[in-house]
Amino acid sequence: LSLPTHVRVGVCGYNIGGMTEVERSRVRLIHVGFVFQSYNLFPALTARQNVEVALDLKGIHGQARRAQADRLLDQMELGDKANTYPAELSGGQKQRVSIARALAGAPGVILADEPTGNLDEAYALDIIELFRSFNQVGVTLVVATHDRMVGERLHARAVELSGGRMMEPQAA
């Protein structure tokens, strides 16, 4: 892990360059949601339990945890799959559980790796709109994608990487 040496890197008001690893881990836990391309769901836990794990780690317990997990699954149109295990879900459903888990605890930053890659077009557009709504209320989105439509629909500032180097944005 490389840390900044000549610049200040802020995440949700914290200068992470001046923190210990434990402090940085705490900032990630509380303020950053992750959407993994490969889902990273716990196979022995139901969809609801996969979301509840993130909430539990953030200090949300009991009925509040279950209510928020159910609300997030409903938002992903998976309320009827709350008690379903990942092996019984389609790829798109697993991705939506992963997104629900990333949104747990209302993080200030969401890091998403191909968040719409395993979704059909209708759900992909719904997720893009959901991400836009979070961005409009101040959530920072960092989305890695090969799908130009995702960036265009997010109305995002696009940074293109090629060969490990940042390229100048192409004129529209």
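Data block above holds the structure.
These numbers were taken from a predicted model, which means no experiment stands behind them. (Residues numbered from 1 in each chain as written. Predicted model: local features only at pLDDT ≥ 70, side-chain atom pairs only at ≥ 80, totals over all residues. Heavy atoms only, no water.)

In this section: the packing of aromatic side chains. Applying the stated criterion across every chain, the model contains one aromatic pair. When the ring centre of Tyr123 is taken as reference, the NZ or CZ atom of Arg96 above it lies at 3.7 Å. (Phe/Tyr/Trp six-rings, centres within 6.5 Å; stacked < 30°, edge-to-face > 60°. Lys NZ or Arg CZ within 6 Å of the ring centre and 35° of its normal.)

This part takes up the layout of surface pockets. The computed volume of the second largest pocket comes to approximately 290 Å³. Lining of the second largest pocket is provided by 15 residues; of these, Val32, Phe34, Ala54, Leu57 and Arg101 occupy positions nearest its centre. At the level of elements, α1 (21-31), β3 (32-35), α2 (47-57) and α4 (91-103) are the ones that each hand at least two residues to the lining of the second largest pocket. The element best represented in the lining of the second largest pocket is α2, accounting for four residues. Taken together, the residues of the lining of the second largest pocket break down into nine nonpolar, three polar and three charged. (1 Å grid on protein atoms, 1.4 Å probe; cavity = no way out; pocket = protein on both sides within 12 Å on 5 of 7 lines; lining within 4 Å. Points joined across faces, edges and corners; volume = space filled by probe spheres on them. Helix = DSSP H or I, 4+ residues; strand = E, 2+ residues; numbered from the N terminus. Nonpolar A, V, L, I, M, F, W, Y, C, P; charged D, E, K, R; others polar.)

The biggest cluster of nonpolar side chains holds 32 residues, and the ones touching the most others in it are Val51, Leu73, Met76, Val97 and Phe131. Secondary-structure elements contributing two or more residues to this core are α2, α3 (62-75), α4, β4 (109-113), α5 (121-136) and α6 (148-154). Not counting chain neighbours up to four residues away, the residues in contact with Val51 comprise Ala69, Leu72, Leu73, Val97, Ala100, Arg101 and Ala104. (Core = buried A, V, L, I, M, F, W, Y, C linked by side-chain atoms within 4.5 Å. Buried < 20%, exposed > 50% of the residue type's maximum accessible area, 1.4 Å probe, protein only. Contact = heavy atoms within 4.5 Å.)

In this section: the pairing of strand β5 (residues 140-144). Relative to β5, β4 runs parallel, the two being bridged by five bridges. By the bridge assignment, Ile110 is partnered in β5 with Leu141. For the handedness criterion, the β-α-β arrangement of β4, α5 and β5 is classed as right-handed. (Pairing = 2+ DSSP bridges. Right-handed = clockwise from strand over helix to strand, strands pointing away.)

The next point concerns the pattern of salt bridges. Applying the stated rule across the entire model yields seven salt bridges. With a shortest N-O distance of 3.8 Å, Glu52 and Arg65 are connected by a salt bridge. Of this pair, Glu52 sits in helix α2 while Arg65 sits in helix α3, and the two are 13 residues apart along the sequence. It is possible to trace a salt-bridge network through shared partners that takes in Glu21, Arg24 and Arg28. (Salt bridge = Lys/Arg side-chain N within 4 Å of Asp/Glu carboxyl O.)

Turning our eyes to something else, we now look at the packing of α2 against α3. Put simply, α2 and α3 touch, their axes get as near as 9 Å, and they point 125° apart. Classified by the angle between their axes, α2 and α3 sit oblique to one another. Judged by the sense of rotation from one axis to the other, the crossing of α2 with α3 is right-handed. Contacts from Ala47, Arg48, Val51, Glu52, Leu55 and Asp56 in α2 reach Arg65, Arg66, Gln68, Ala69, Asp70, Leu72 and Leu73 in α3. (Axes fitted to C-alpha atoms, helices over the stretch in contact; angles between N-to-C directions. Parallel < 35°, antiparallel > 145°, perpendicular 65-115°, else oblique. Left-handed = near helix turned anticlockwise from the far one by under 90°.)

We now examine the sheet that holds β4. Strand order in the open sheet made by the three strands is β3-β4-β5, with parallel pairing throughout. Strand pairing shows two members of the sheet lacking a second neighbour, β3 and β5, which therefore form its edges. Pairs of neighbouring strands in the sheet enclose a mean axial angle of 10°, with direction left out of account. Where α4 meets the sheet, its contacts fall on β3 and β4, and the angle it forms with β3 comes to roughly 175°.

Where a strand is regular, its side chains alternate between the two sheet faces. In this sheet, β4 lies alongside β3 in parallel orientation, the contact comprising four bridges. Across the sheet, the residue bridging to Phe34 is Leu111, located in β4.

What follows covers α3. Over its 14 residues, α3 runs 20 Å from end to end, which matches the ideal 20 Å to within 8%, given 1.5 Å per residue. Taken residue by residue, α3 has Gln68, Ala69, Leu72 and Leu73 as its buried positions. Along the long axis of α3, the arc covered by the buried residues comes to 135°, so they all point the same way. For α3, the exposed residues set more than 90 degrees away from the buried face come down to Gln63 and Asp74. Looking at the buried residues of α3, the elements they touch are α2 and α4. Downstream of α3 by one or two residues, Glu77 has phi in the positive range, about 60°. (Expected span 1.5 Å × (residues − 1). Arc of directions from axis to C-beta.)

Purely geometric stuff here, so don't read any function into it on its own.
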